[in-house]
Each structure stands twice: as C-alpha cells, then as structure tokens.
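Residues per chain are reported as follows:
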Amino acid sequence: MPKELQLQILGEFRGLPQQVIGTELDEFGKLERGGRTLHRFRVGDYRVYFERHDLGVLVHRILSRHTVKDFFYRSGLKVKEDEALQENPKFWEMIEAARTSTKT
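Below: a short report on this structure. What you are looking at is a predicted structure, and each value in this text was computed from that prediction instead of being measured.

Cut-offs and rules
- Residues numbered from 1 in each chain as written.
- Predicted model: local features only at pLDDT ≥ 70, side-chain atom pairs only at ≥ 80, totals over all residues.
- Heavy atoms only, no water.
- Core = buried A, V, L, I, M, F, W, Y, C linked by side-chain atoms within 4.5 Å.
- Buried < 20%, exposed > 50% of the residue type's maximum accessible area, 1.4 Å probe, protein only.
- Helix = DSSP H or I, 4+ residues; strand = E, 2+ residues; numbered from the N terminus.
- Pairing = 2+ DSSP bridges.
- Arc of directions from axis to C-beta.
- Axes fitted to C-alpha atoms, helices over the stretch in contact; angles between N-to-C directions.
- Contact = heavy atoms within 4.5 Å.

### A short note on the nonpolar core
Phase 1 of the analysis: Grouped together as the largest cluster of nonpolar side chains are 10 residues: Leu5, Ile9, Phe13, Leu25, Phe28, Phe41, Val43, Tyr46, Val48 and Phe50.
Phase 2 of the analysis: Taken together, the elements giving at least two residues each to this core come down to helix H1 (3-13), strand E2 (36-43) and strand E3 (46-53).

### As for the pairing of strand E4 (residues 56-64)
Phase 1 of the analysis: Inspection of the sheet shows E3 paired to E4 by eight bridges, in the antiparallel sense. Directly across from Val48, in E4, lies its bridge partner Ile62.
Phase 2 of the analysis: Taking the residues between adjacent antiparallel strands as the criterion, E3 and E4 are bridged by two residues.

### Some details on H1
Phase 1 of the analysis: Of the positions making up H1, those classed as buried are Leu5, Ile9 and Phe13. Looking straight down H1, one finds its buried side chains confined to an arc of 75°; they lie on one side. In this structure, H1 carries Lys3, Glu4, Leu7 and Leu10 as exposed residues pointing more than 90 degrees from its buried face.

### Some remarks on the sheet that holds E3
Strand pairing in a sheet takes place through backbone hydrogen bonds and is either antiparallel or parallel in direction.
Phase 1 of the analysis: Judged by pairing direction, the sheet is antiparallel, and its four strands sit side by side in the order E1-E2-E3-E4 without closing on themselves. Every interior strand has two partners, whereas the edge strands, strand E1 (29-33) and E4, have only one. For this sheet, the mean angle separating the axes of adjacent strands, direction not counted, is 30°.
Phase 2 of the analysis: With five bridges connecting them, E1 and E2 associate as antiparallel partners. Note on E2: the bridge partner recorded for Lys30 is His39.
Phase 3 of the analysis: Running at roughly 50° to E3, H1 makes contact with E2, E3 and E4 of the sheet.

Next comes the structure, spelled out in structure tokens:
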C-alpha cells in the first residue's frame with residue numbers, strides 16, 4: 001500500500017480510538033467467532049478490521065473494498081459482508097497471520 005494512502009487512511013481513523021473506548025460499537029460492522037469480536041470501519045474504498053484492546057484499538061487488517069468483493073466472488077457467497085466474513089475460517093486465518101507475523 002503506498003505511503004500516501006496509508007497516511008490518508010490513518011488520518012480518517014485518527015479520532016476512532018477515543019470513540020471506540022468511550023462508546024458502544026453499534027455503528028461499526030461486527031464479526032464474532034469463538035468469543036472474539038472484530039469490528040469493521042469503512043474509509044472510502046477500504047475496510048479497517050480492528051478490535052478493542054487494553055491500550056486502545058488493535059488494527060488487524062486494512063483491506064481494499066475490491067479485495068473483499070473479489071473474496072466474495074471467488075467464494076460464491078451471496079450474504080452480507082460481515083456475515084460472510086464472520087463464518088469463513090480463511091478470514092480468521094488471515095487475521096491470525098497478521099498477529100503472528102508481527103510477533104516474530
């Protein structure tokens with residue numbers, strides 16, 4: 001992802017951690033699996049997948065809307081975006097891969 005685009009997305013996301021800590025997250029997409037909850041925040045053509053953390057917000061992935069649409073097309077899914085991702089083990093594997101790659 002180009003640096004300018006990263007800065008643009010982070011600029012849009014800037015006030016979110018305070019909002020997430022202080023309020024309920026009903027306005028965000030929600031994905032749940034195995035007692036774990038991720039939320040989705042849209043920034044233009046991008047989706048930021050994050051969860052609450054003791055220190056604020058932990059961002060797991062930023063995906064292009066087109067990447068998610070391609071995922072649905074290849075998977076033959078005909079349900080809502082959050083529902084489809086929530087039930088798909090490959091999505092959760094991708095989230096975990098980001099976590100384990102940052103620990104090494």
